[in-house]
Amino acid sequence: MRILASIDAAPALWFWALWVAATLSMFAGNLSALVQTSVKRMLAYSSIAHAGYILVALTAAAVTDHMEAGIAAALFYLVSYAMVKLGAFLIVAHLGGAGERHMEIDDLTGLARRQPAMAACLSLFLLSLLGLPITAGFLGKFYVFNAALASNLIWLAILLALNSVIGSYYYLRVMVAMYMREPKVEIAIEPVPWTLSTVLWIAAVGTVYVGLFPTRIIGFAVKAAMNIR
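Rules used in this analysis
Here the residue index of a chain counts from 1 through its sequence in written order. Local features in this predicted model are restricted to residues of pLDDT 70 or higher, and side-chain atom pairs are both shown and tallied only at a pLDDT of 80 or more, whereas totals for entire chains, interfaces and linings draw on every residue. Here the side-chain values reflect all heavy atoms present in the structure, with hydrogen atoms and water set aside. Helical segments are the DSSP runs of H or I of at least four residues, strand segments are the runs of E of at least two, and each set is numbered from the N terminus. For a compact globule the rule gives 2.2 Å times the number of residues to the power 0.38, and the radius of gyration it is set against comes from C-alpha atoms. Under the scheme applied here, a residue whose accessible area is under 20% of the maximum for its type counts as buried, over 50% as exposed, and between as partly exposed, the area being computed with a 1.4 Å probe on protein chains only. We call two residues contacting when some pair of their heavy atoms lies within 4.5 Å. In what follows, salt bridge is the name for a side-chain nitrogen of Lys or Arg lying within 4 Å of a carboxyl oxygen of Asp or Glu. Here a cavity denotes grid points, spaced 1 Å and computed from the protein atoms alone, that fit a 1.4 Å probe unable to get out, and a pocket denotes an open set having protein on both sides within 12 Å along at least 5 of 7 lines; residues with an atom within 4 Å of a point are the lining. Grid points are joined across faces, edges and corners, and a volume is the space filled by probe spheres set on the points. To estimate the expected span of a helix, subtract one from its residue number and multiply by 1.5 Å.

1. Structural notes on the overall build of the chain
Point 1. Counting its secondary structure elements, the chain contains 10 helices and zero strands.
Point 2. For 229 residues, the compact-globule estimate of 2.2 N^0.38 gives 17 Å, and the chain sits close to it at 19 Å.
Point 3. Considered along the principal axes of its C-alpha atoms, the chain spans approximately 60 × 35 × 30 Å.
Point 4. Every one of the 229 residues in the chain was classed for burial, and the buried ones make up 49%.
Point 5. Sequence separation of at least 24 residues holds for 80% of the intrachain contacts in the chain that already meet a minimum separation of 6.

Structure follows, in structure tokens:
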């Protein structure tokens, strides 16, 4: 962001390099995540896709007249994404148990019955990654999409929307396993440490709070974007 801001007019090579990198990251991440059976690997590949969404905002920032809007959108996305992915990875790590023995999507079947609070938290984080309204992830994607449209990056905005639809499949697949399928093998329920509960509670509340009341975070992001030069 600082490199982009230090260039008064981003060369065409920079712009197209970011455009192509954003497109490749979104498709490579989402298409790879589609075929994963491990929840951890699925989240890891989806991180590549989310990096692509952030690159969409940076591509918008490379259009000089809309630099502040692109950078502000990227900063807001990073805030919402950090909370959600932290919570999701912590839950998966906890449920995986010692030696990460239970990392498959099938291992989450029936989780809503065995550990309803854990299933609810993971569902919230997945829905935010998907971009459901009232979550931080929805507004993160909205601001990135809006920055792309404001910079006249119509095709890149269309590709972002298409990739969001692709991503919804594998996120919803995990939720279907947790709520609509019965486990083939019963997995012992591990007690949740209070430290993990505290972090998950903060991440969950933050995800909903930023989704409902984004004004303060947006204000910080816009102010930072204006002062980044």
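2. Brief notes about the pattern of salt bridges
Point 1. For the coordinates displayed, the defined rule picks out two salt bridges.
Point 2. One salt bridge connects Arg181 with Asp106, and the closest N-O pair in it is separated by 2.9 Å. Taken together, the residues span a long stretch of sequence, with Arg181 in the loop between helix H8 (154–180) and helix H9 (194–212) and Asp106 in the loop between helix H4 (67–96) and helix H5 (111–114) at a distance of 75 residues.
Point 3. According to the relative accessible area criterion, Arg181 is partly exposed, its value standing at 32%.
Point 4. Across the salt bridge formed by Glu182 and Arg113, the nearest N and O atoms sit 3.8 Å from each other. In this pair, Glu182 sits in the loop between H8 and H9 while Arg113 sits in helix H5, placing the two residues 69 residues apart along the sequence. Accessibility classification places Glu182 together with Arg113 in one group, the exposed group.

3. Brief notes about empty space enclosed by the protein
Point 1. Tallied over the entire structure, the rule returns two cavities of 30 Å³ or more.
Point 2. When its volume is computed, the largest cavity comes out at roughly 50 Å³.
Point 3. Lining the largest cavity, in full, are His50, Tyr77, Ser80, Tyr81, Val84, Ser128, Leu129 and Gly137.
Point 4. At the level of secondary structure, the elements contributing two or more residues to the lining of the largest cavity comprise H4 and helix H6 (116–130).

4. Thoughts on the environment of Phe220
Point 1. The residue Phe220 is located in helix H10 (residues 215–226) in this model.
Point 2. Overall, Phe220 belongs to the exposed group, its relative accessible area being 53%.
Point 3. Placed 143 residues apart in sequence, Phe220 and Tyr77 show a C-alpha to C-alpha distance of 12 Å.

5. Comments concerning H4
Point 1. Taking 1.5 Å as the rise per residue, H4 with 30 residues should run 44 Å; its terminal C-alpha atoms sit 42 Å apart, in good agreement.
Point 2. At the exit of H4 stands Gly97, carrying a positive phi of roughly 75°.

6. Quick look at unusual backbone geometry
Point 1. In this structure, Ile134 is a non-glycine residue whose phi angle is positive, near 75°.
Point 2. If you trace the backbone, Ile134 turns up in the loop between H6 and helix H7 (136–150).
Point 3. Here the phi dihedral of Asn152 falls at roughly 65°; this positive angle occurs in a residue that is not glycine.
Point 4. Tracing the sequence through the fold places Asn152 in the loop between H7 and H8.

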